[in-house]
Amino acid sequence: MKRMTLPLATGALLALLAAPALAEGPVVEMYQDPNCGCCGAWADHLEAEGFTVERHKTREMRAIKIEQGLTPELASCHTAMVDGYVIEGHVPAADIHRLLEERPDVAGLSVPGMPHGSPGMETGRYDDYRVLGWHRDDRTPEIFNEYTH
């Protein structure tokens, strides 16, 4: 009896189908005002860096910020959550990746205000800015990273 073999291409296809699906990046739940354009640009930046962003438009931004423990000094335009951390404003994807890798004991990261040159705020002007971390019980911010131009 002659043994039948699958063509190489068919074997490769079967191996691909049997392999687990590629893992998606961390899921970021982002809340933004319906009229804000820079928030979408920031979400696009995260997606380009491997994150999956679920976008929620709401007029209840103040309530979301309060619920997440953000003070006015830490506030920016959009608020996001990823893997138990709060991400406020135009935090670069590299800092979020670092946060998720190092897992420091902080509530989250914030870029207060809306500094020019931060992800989503590419206007041609570049402001120096800091990425801040804070704790829920002591909201005194600590510098996580600095960007100077």
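What you see is a predicted model; the values in this text were computed from it and never measured.

J.: So what's going on with the overall build of the protein chain? Residues and values would help.
T.: Regarding its fold elements, the protein chain presents four helices and seven strands. For the protein chain, the share of sequence-separated contacts (at least 6 apart) that also reach a separation of at least 24 residues comes to 49%. Carbon and sulfur atoms make up 55% of the accessible area of the protein chain, which amounts to about 9,000 Å² in all.

J.: Can you explain the side chain of Q32? Please cite residues and give values.
T.: With respect to the helices and strands, the residue Q32 is situated in strand β1 (residues 27–32). Excluding anything up to four places from it in sequence, Q32 contacts C39, G40, H56, K57, T58, M61 and H78.

J.: Residue-level account of the pattern of salt bridges, with values.
T.: Opposite charge on two side chains permits them to pair, given that their charged atoms come into close proximity. If you walk through the whole model with that rule in mind, you get seven salt bridges. Between D44 and R55 there is a salt bridge, with its nearest N and O atoms 2.7 Å apart. Here D44, found in helix α2 (residues 38–48), pairs with R55, found in strand β2 (residues 52–57); they are eleven residues apart in sequence, far enough to count as distant. Of the residues examined, R55 reaches a relative accessible area of 37% and is grouped as partly exposed. Salt-bridge contacts for D127 lead to R125; the nearest nitrogen and oxygen are separated by 3.0 Å.

J.: Residues and numbers for the pairing of strand β5 (residues 108–111), please.
T.: What you see with β5 is no split at all: G108 and S110 on one side and L109 and V111 on the other are buried throughout. Following the backbone out of strand β4 (residues 85–89), through helix α4 (residues 93–102) and into the adjacent parallel β5, one traces a crossover that is left-handed.

J.: Can you tell me about a negative patch on the surface, naming the residues and giving the values?
T.: Judged by side-chain charge, D105, D137, D138 and E142 come together as a negatively charged surface patch. Structurally, D137 can be placed in the loop between β6 (129–134) and β7 (142–147). The exposure class of D137 is exposed, given its relative accessible area of 75%.

J.: Can you tell me about the confidence of the model for the protein chain, naming the residues and giving the values?
T.: Overall, the predicted model of the protein chain reaches an average pLDDT of 87, with 85% of residues at or above 70. Ignoring residues within four places in sequence, the model shows residues 1–22, a span with pLDDT below 50, making one contact including any to other chains.

J.: Tell me about the packing of aromatic side chains, and please be specific about residues and values.
T.: A complete count under the given rule lists one aromatic pair for this structure. Taken together, a centroid distance of 4.9 Å and an interplanar angle of 15° make the contact between Y129 and Y147 stacked. Here the residue Y129 occupies a position in strand β6, and Y147 occupies one in strand β7, the gap between them amounting to 18 residues. Y129 gets classed as buried once you look at its relative accessible area, which sits at 8%. Its end group placed over the ring of F144, R98 keeps NZ or CZ at 3.8 Å from the ring centre.

J.: I'd love a proper account of the nonpolar core, names of residues and values included.
T.: The biggest cluster of nonpolar side chains holds 27 residues, and the ones touching the most others in it are V28, W42, L46, I87 and I96. Of all the secondary structure elements, the ones that give two or more residues to this core are β1, α2, β3 (79–82), β4, α4, β5 and β6. Counting residues in each nonpolar core, the second largest holds six residues, with L70, L74, L132 and W134 among its members.

J.: Which residues make up the side chain of E88, and what values go with them?
T.: Mapped onto the elements of the fold, E88 is located in strand β4. Within the structure, E88 has its side chain in polar contact with the side chain of T79 (distance 2.5 Å). Residues contacting E88, with those up to four places away along its chain left out, are K65, L70, L74, A75, S76, C77, H78, T79, L109, S110 and V111.

How each quantity is defined
Residues numbered from 1 in each chain as written. Predicted model: local features only at pLDDT ≥ 70, side-chain atom pairs only at ≥ 80, totals over all residues. Heavy atoms only, no water. Helix = DSSP H or I, 4+ residues; strand = E, 2+ residues; numbered from the N terminus. Contact = heavy atoms within 4.5 Å. Areas by Shrake-Rupley, 256 points an atom, 1.4 Å probe, with all protein chains shown as cover. Salt bridge = Lys/Arg side-chain N within 4 Å of Asp/Glu carboxyl O. Buried < 20%, exposed > 50% of the residue type's maximum accessible area, 1.4 Å probe, protein only. Right-handed = clockwise from strand over helix to strand, strands pointing away. Patch = residues over 30% accessible without salt bridge, like charges linked within 9 Å, V, L, I, M, F, W, Y side chains within 5 Å. Lys, Arg positive; Asp, Glu negative; His and termini not counted. Charge placed at Lys NZ, Arg CZ, Asp CG, Glu CD. pLDDT = per-residue confidence, 0-100. Phe/Tyr/Trp six-rings, centres within 6.5 Å; stacked < 30°, edge-to-face > 60°. Lys NZ or Arg CZ within 6 Å of the ring centre and 35° of its normal. Core = buried A, V, L, I, M, F, W, Y, C linked by side-chain atoms within 4.5 Å. Polar contact = N/O pair within 3.5 Å; in protein donor to acceptor, adjacent residues only side chain to side chain.

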